[in-house]
Amino acid sequence: MMRHLISAADLTRDDAVLILDTAEEMARVADRPIKKLPALRGRTICNLFFEDSTRTRISFEAAEKRLSADVINFAAKGSSVSKGESLKDTAQTLEAMGVDAVVIRHGASGAPYRLATSGWIDAPVINAGDGTHQHPTQALLDAFTMRRRLVGRDAGIGKGLDGKRVTIVGDVLHSRVARSNVDLLHTLGAEVTLVAPPTLVPVGVESWPCEVSYDLDSTLTKSDAVMMLRVQRERMNAAFFPTEREYSRRYGLDGDRMAKMPDHAIVMHPGPMVRGMEITAEVADSERCTVIEQVANGVHTRMAVLYLLLGGNEPAVTHTRTEGN
Amino acid sequence: MSKILIRGAKVLGGEPQDVLIDGAVIAEVGGGLSAEGVDEVVEADGKILLPGLVDLHTHLREPGREDSETVLTGTRAAASGGYTSVFAMANTFPVADTAGVVEQVYRLGKESGYCDVQPIGAVTVGLEGQKLAELGAMHESAAGVTVFSDDGKCVHDAVIMRRALEYVKAFGGVVAQHAQEPRLTEGAQMNEGTVSAELGLGGWPAVAEESIIARDVLLAEHVGSRVHICHLSTAGSVEIVRWAKSRGIDVTAEVTPHHLLLTDELVRSYNPVYKVNPPLRTEKDVMALREALADGTIDIVATDHAPHPHEDKDCEWAAAAMGMVGLETALSVVQQTMVETGLLDWAGVADRMSVKPAEIGRAQGHGRPVSAGEPANLVLVDADYRGAVDPAGFASRSRNTPYEGRELPGRVTHTWLRGKATLADGKLA
Ligand SMILES: [Zn+2]
């Protein structure tokens, strides 16, 4: 395993599969009456959040606590980008306190990479979302969710997502989730199609390992998973699309569109869902929609990442591991 | 008044000759000049002798950001890099938009003694793009401003730009445009393309530069004025300037050393040392810029020397200041990208880094031929030198160079300003 987790693009297939397999072991812990492992006892992890994200922070915190780590939450809301000194200062403070890992969320793309490579701090750095760049643990939990649903909980062990077709729909331009998913899903052997109005597709997307389509309907029939991205309403004012209604008509997922998907296909969303424009209540509440599972899987996956980056090479839960590698 | 004999110097890279400096002027150029009555002999030993370099685009930061650079430290950096004249950009605090501020900068330059400092005046009050600054008063001031620029910001209003171009015709001035369409570059952090898409950094599209250049050359044609385009960075910009020149439009253009060498691939490091405006572009752009400088479509090299203190760069990319220092490495980068690639000879370097910038900026006594009777503004270059760049040795107050540890060819050993050495054996006088 690598020392830091900054980008989903940095994961090899073996790394990614190992994380997903480890997450399956962690999921079994969640089924026990006492949902706690001693693996990171005595280790201190700091959740360094320069940008609000209660969901992601709570997910990491739950993962850390289930591994018996000591947790420091540090919220440095909005202080950084204007002056630029606080990231370095904060890093050095944490270093002085002897933290064993830093989970960082930052509004500026590249901030976790800077933190990991600038010599400001020695501890492993885990990117919990940076600007419009990457959100690798989100991609891992999405892949985990897909593998469970499309391959099978036990059948998936040791496997990737070879041949699965995943469609990612919405504001790709501003989405770190889309970037991370394209990288990871490609590594795991899936075929990814991005669907968005041309204004929300980044210039330079040609180099990404995926297809791009402007037409949602034509992609639905051949999708094993459709991942809806959050579209922020303020994008409308910046002329990315004419009206909410037009967006919804062309790129929203409603019951009729869902009916075009193969029977086994699932609907995903990184949350929080805003029902209406990008996804209707009918779809959001359907059996096929994995939003709640994604939340639960987020904890398992983050436990796996923390364990592998900090805990070392031993299997986390020895008795559940079937193979002997 | 002292006499200096420079012995065995390749003038503009030609056959070795001797050059006799008498006081502030060149007294004689030829073979086997006598050392009799000479105060000092400098053995050039095959080094290259060029007219002192002229930088049409320098940020000296004084007044207002003396923690980054002062006129004194900036001109010391200039002398170290072989420059005898620099044009100081107007985006200081306060902005150089009145006769008072430009005269202050001019006076500080005189006092420094390392380099002639010609202040550039702002085009609009406070660089705000709304209202013309007192262009005429700045021209008539002791500073005698000839170049006007809102650099750092684009004069984006077409009417203001038109009026500025028209107005400076009265006294032979030139407007130097930082071509950046502001709406197309909101939130821009780097070149828009495959690397920005991957890194999730806001894109600064080539068309934001090209569309302003296209507009401005047409405005210059319409009003019959001359326009200078700062720091071209894209292949498309080159095409537009080439077209404008072929049409007879009075346009000149500059390129920075870093745009001749570095590409946006380097931004993958998220190291803000590579954060600059306009941003580093692609390999294709770099090659087009080199070709254009070679064939004269781009007239000059200008450094866009932009000093920033360490803390403004030692942070995350988005928070970092834009710009890099350039005075002390410019000639080495040009040697590597233009001379060693066979695109320019040393006479061509002298033309692009001294003669033409002096002409565009009307810098009196600079960019002159290395011949008898001319002012002794000269630079001696050891082109055979090879070594890694060590910013610890910079004379600039700031160290934000992208070349730290990189091996670049050549180094300036001597600089003379009107016969007085400002740099001798690599040491500032
Ligand atoms: Zn500029």
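For the structure, check the block above.
Reading the values: rules and limits
Residue positions within a chain follow its written sequence, with the count starting from 1. The naming scheme follows written order: chains are lettered A onward, ligands numbered 1 onward. Reporting of local features is limited, given that this is a predicted model, to residues whose pLDDT is at least 70; pairs of side-chain atoms are given and counted only at 80 or more, and all residues count toward the totals for whole chains, interfaces and linings. Note that the side-chain values use all heavy atoms of the structure and ignore hydrogens as well as water. Helix numbering and strand numbering both begin at the N terminus, where a helix is a DSSP run of H or I of at least 4 residues and a strand a DSSP run of E of at least 2. Only protein chains enter the accessibility calculation, which uses a 1.4 Å probe. A residue is then buried if its area is under 20% of the maximum for its type, exposed if over 50%, and partly exposed in between. In this analysis, strands are considered paired if DSSP registers two or more bridges between them. Contacts are assigned to residue pairs that have any heavy atoms within 4.5 Å of one another. Orientation is described by lines fitted to C-alpha atoms, with helices fitted over the stretch in contact, and by angles between N-to-C directions that extend from 0 to 180 degrees. Donor atoms: N, O and S within 2.8 Å of the metal, or within 3.2 Å for Na, K and Ca. Because water is excluded, sites can look incomplete. Take the residue count of a helix, subtract one, and multiply by 1.5 Å to get its expected span.

K.L.:
Any chance you could break down unusual backbone geometry for me, citing the residues and the numbers?
P.N.:
Of the consecutive residues Gly271(A) and Pro272(A), the connecting peptide bond is found in the cis state with omega at -10°. Among the secondary structure elements, Pro272(A) is positioned in the loop between strand 9 (266-268) and helix 12 (281-284). Each neighbour pair has its own omega, and for Asn277(B) with Pro278(B) the value is 0°, a cis peptide bond. Relative to the helices and strands, Pro278(B) resides in the loop between helix 8 (257-261) and helix 9 (283-295). With a phi angle near 70°, Ser68(A) is a residue other than glycine that sits in the positive phi range. The residue Ser68(A) is located in the loop between helix 2 (54-66) and strand 2 (70-75) in this model. Here Ser68(A) falls in the buried class, since its relative accessible area comes to 14%. Phi at Asp425(B) is positive, roughly 50°, even though this residue is not glycine. Among the structural elements, Asp425(B) can be located in the loop between strand 18 (420-424) and strand 19 (427-428).

K.L.:
Can you explain the sheet that holds strand 15 (residues 300-301) of chain B? Please cite residues and give values.
P.N.:
Residues and elements named next belong to chain B. What the 5 strands build is an open sheet, ordered 9-10-13-14-15; its pairing is parallel. If you trace the sheet from one side to the other, it starts and ends with strand 9 (147-148) and strand 15, each paired once. Sheet topology places strand 13 (residues 227-229) next to strand 14 (residues 251-255); 3 bridges connect them, and they run parallel. When the sheet's bridge partners are listed, His228 is paired in strand 14 with Thr252. Sheet strands in contact with helix 4 (residues 158-167) are strand 10 (174-177) and strand 13, and its direction is about 145° off that of strand 10.

K.L.:
Can you tell me about the sheet that holds strand 4 (residues 125-130) of chain A, naming the residues and giving the values?
P.N.:
All names here are of chain A. Pairing within the open sheet is parallel, and its 4 strands lie in the order 2-1-3-4. Edge strands, defined here as strands with exactly one partner in the open sheet, are strand 2 and strand 4. Geometrically, the sheet is characterised by an average inter-axis angle of 15° between neighbouring strands, direction not taken into account. Pairing analysis gives 6 bridges linking strand 1 (residues 44-49) to strand 2, with the strands arranged parallel. Note that in strand 2 the partner of Asn47 across the bridge is Asn73.

K.L.:
Report on the pairing of strand 10 of chain B, specifying residues and quantitative values.
P.N.:
All names here are of chain B. What you see with strand 10 is no split at all: Val174 and Ala176 on one side and Val175 and Gln177 on the other are buried throughout. Bridge count for strand 9 against strand 10 is 2 bridges, and the pairing is parallel. Bridge assignment links Phe148 to a residue of strand 10, and that residue is Val175. Where strand 10 meets strand 13, 3 bridges bridge the pair, whose relative direction is parallel. Residue pairing for strand 13: Val175 is matched across the bridge by Val227.

K.L.:
I'd like a description of the coordination of the zinc ion, backed by residues and values.
P.N.:
All names here are of chain B. Ligation of the zinc ion by protein atoms is provided by Asp151 (OD), His178 (ND1) and His231 (NE2), these donors lying 1.8 to 2.2 Å from the ion. Of note, the donors binding the zinc ion are all from one chain and are spaced D-x26-H-x52-H. Of this pair, Asp151 sits in the loop between strand 9 and helix 4 while His178 sits in the loop between strand 10 and strand 11 (190-191), and the two are 27 residues apart along the sequence. As far as the burial class goes, Asp151 and His178 line up, both buried.

K.L.:
Go over helix 2 of chain A with me, naming the residues and quoting the values.
P.N.:
Residues and elements named next belong to chain A. For helix 2, with 13 residues, the first-to-last C-alpha span of 18 Å sits near the 18 Å given by 1.5 Å per residue. Of all the positions in helix 2, only Thr56, Ser59, Phe60, Glu61, Ala63 and Glu64 are classed as buried. Ser68 sits one or two residues past helix 2 and shows a positive phi near 70°.

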